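Okay, here's what each chain looks like letter by letter:
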Amino acid sequence: MPAARITRLTESDWEQFAELRLRALTETFGTTDTQYLIEARFTAPDWRRRLRDHAQFVAMLDGRPVGMVAAYQESAQAAYVYSLWLEPAARGHGLARRLVAAAVDWARRRGARTATLRMAPDNSAARTVYESLGFTEVPNCGATGEVVMRLTIP
Ligand SMILES: CC(C)(COP(=O)(O)OP(=O)(O)OC[C@H]1O[C@@H](n2cnc3c(N)ncnc32)[C@H](O)[C@@H]1OP(=O)(O)O)[C@@H](O)C(=O)NCCC(=O)NCCS
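Residues numbered from 1 in each chain as written. Predicted model: local features only at pLDDT ≥ 70, side-chain atom pairs only at ≥ 80, totals over all residues. Heavy atoms only, no water.

Naming follows an unreviewed UniProt entry, where the protein appears as GCN5 family acetyltransferase of Mycolicibacterium aromaticivorans JS19b1 = JCM 16368.

Set out below in structure tokens:
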């Protein structure tokens with residue numbers, strides 16, 4: 001696999017972001033999913049606002065985005081990481097780990113002490129990625145059918 005680059009999108013990348021995000025939602029949940037239906041109707045200002053308010057990282061391969069993760073600051077000391085996705089052909093090459101590491105680096109630079117995320121309990125690939133970066137499960141936390149993972153940012 002050729003070398004991939006992890007980069008943060010800016011507002012002017014909104015069209016590329018919209019295409020990638022809708023592709024991720026389609027592949028993961030399908031086009032009848034509520035979240036897909038909401039975001040499929042986003043306007044340019046909506047996509048721009050998302051890129052302003054949240055840090056959006058993508059994995060670029062041959063000049064094309066093939067994966068993503070997002071993060072935002074929940075409070076002065078706490079960041080939240082979400083929306084990790086790699087297109088199927090790009091999986092298994094360590095890109096998810098690099099994406100989450102970039103989000104954690106971003107949180108660290110902003111002064112956050114923890115990074116938190118949610119995942120489905122049976123998502124073994126995601127769990128492997130998060131645990132390899134030091135995330136651990138927070139017991140008795142989160143809604144039914146989800147696991148909360150947290151990292152104390154080193
Ligand atoms: C989860 C996901 C992002 C992982 O992407 P990826 O690029 O394959 O991840 P990486 O290559 O960085 O690492 C995957 C790790 O999980 C391991 N892994 C892969 N499938 C696995 C499985 N079924 N069970 C256990 N471990 C698994 C790999 O061996 C690798 O570990 P290693 O680096 O120690 O060898 C990707 O599968 C995906 O996009 N899934 C759909 C969306 C999703 O589930 N997102 C997470 C939401 S919380």
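Text resumes after the structure shown.
Talk me through the pairing of strand β3 (residues 64-75); I want residue IDs and the actual numbers.
Across seven bridges, strand β2 (residues 55-61) lies against β3 in antiparallel orientation. Paired with Val 58 across the bridge in β3 is Met 68. The hairpin turn running from β2 into β3, its antiparallel successor, is two residues long, and Asp 62 in that turn takes a positive phi close to 50°. Examined bridge by bridge, β3 and strand β4 (residues 78-86) share seven bridges and lie antiparallel to one another. Within the sheet, the bridge partner assigned to Gly 67 lies in β4 and is Leu 86. Once β3 ends, the chain turns through two residues before running back antiparallel as β4. (Pairing = 2+ DSSP bridges. Helix = DSSP H or I, 4+ residues; strand = E, 2+ residues; numbered from the N terminus.)

I'd like a rundown of unusual backbone geometry, residues and numbers included.
Only a minority of non-glycine residues have a phi that is not negative, and only a minority of peptide bonds are not trans. Backbone geometry at Asp 62 places phi at a positive 50°, although glycine is not the residue there. As for its position among the elements, Asp 62 is in the loop between β2 and β3. Overall, Asp 62 belongs to the exposed group, its relative accessible area being 69%. With a phi angle near 50°, Asn 140 is a residue other than glycine that sits in the positive phi range. (Buried < 20%, exposed > 50% of the residue type's maximum accessible area, 1.4 Å probe, protein only.)

Run through the layout of surface pockets, naming residues and quoting values.
Any empty space left between atoms is shown by rolling a water-sized probe over those atoms. Within this model, the largest pocket holds a volume of roughly 1000 Å³. Forming the boundary of the largest pocket are 32 residues, of which Ser 83, Leu 84, Trp 85, Asn 123 and Tyr 130 lie nearest the centre. Every element with two or more residues in the lining of the largest pocket is listed here: α1 (14-29), β4, α4 (95-109), β5 (114-119) and α5 (124-132). Residue contributions to the lining of the largest pocket peak at seven residues, all from β4. Within the lining of the largest pocket, the residues separate by chemical class into 19 nonpolar, seven polar and six charged. (1 Å grid on protein atoms, 1.4 Å probe; cavity = no way out; pocket = protein on both sides within 12 Å on 5 of 7 lines; lining within 4 Å. Points joined across faces, edges and corners; volume = space filled by probe spheres on them. Nonpolar A, V, L, I, M, F, W, Y, C, P; charged D, E, K, R; others polar.)

Give a detailed account of α1, specifying residues and quantitative values.
For α1, built from 16 residues, the straight-helix expectation of 22 Å at 1.5 Å per residue is met to within 8% by its first-to-last C-alpha distance of 22 Å. Within α1, burial applies to Trp 14, Phe 17, Ala 18, Leu 20, Arg 21, Leu 22, Ala 24 and Leu 25. Residues of α1 that are buried make contact with α2 (34-39), α3 (44-53), β2, β3 and β4. (Expected span 1.5 Å × (residues − 1). Contact = heavy atoms within 4.5 Å.)

Talk me through the pairing of β4; I want residue IDs and the actual numbers.
Of all nine residues in β4, eight are buried, a share of seventy percent or more. Note that β4 and β5 share three bridges and pair parallel. Pairing of Tyr 80 across the sheet is with Thr 116, part of β5. Taken together, β4, α4 and β5 form a β-α-β motif whose crossover is right-handed. (Right-handed = clockwise from strand over helix to strand, strands pointing away.)

How would you summarise the pattern of salt bridges if you had to cite specific residues and measurements?
The full count for this structure, using the stated rule, is 13 salt bridges. Residue Arg 50 pairs with Glu 39 through a salt bridge whose shortest N-O separation is 3.3 Å. One end of the pair, Arg 50, is in helix α3; the other, Glu 39, is in helix α2, with eleven residues separating them in the sequence. As a salt-bridge pair, Arg 127 and Glu 137 come within 3.1 Å of each other at their nearest N and O atoms. You can see Arg 127 sitting in helix α5 and its partner Glu 137 sitting in strand β6 (residues 136-137), a full ten residues away along the chain. The class of Glu 137 is partly exposed, set by a relative accessible area of 41%. (Salt bridge = Lys/Arg side-chain N within 4 Å of Asp/Glu carboxyl O.)

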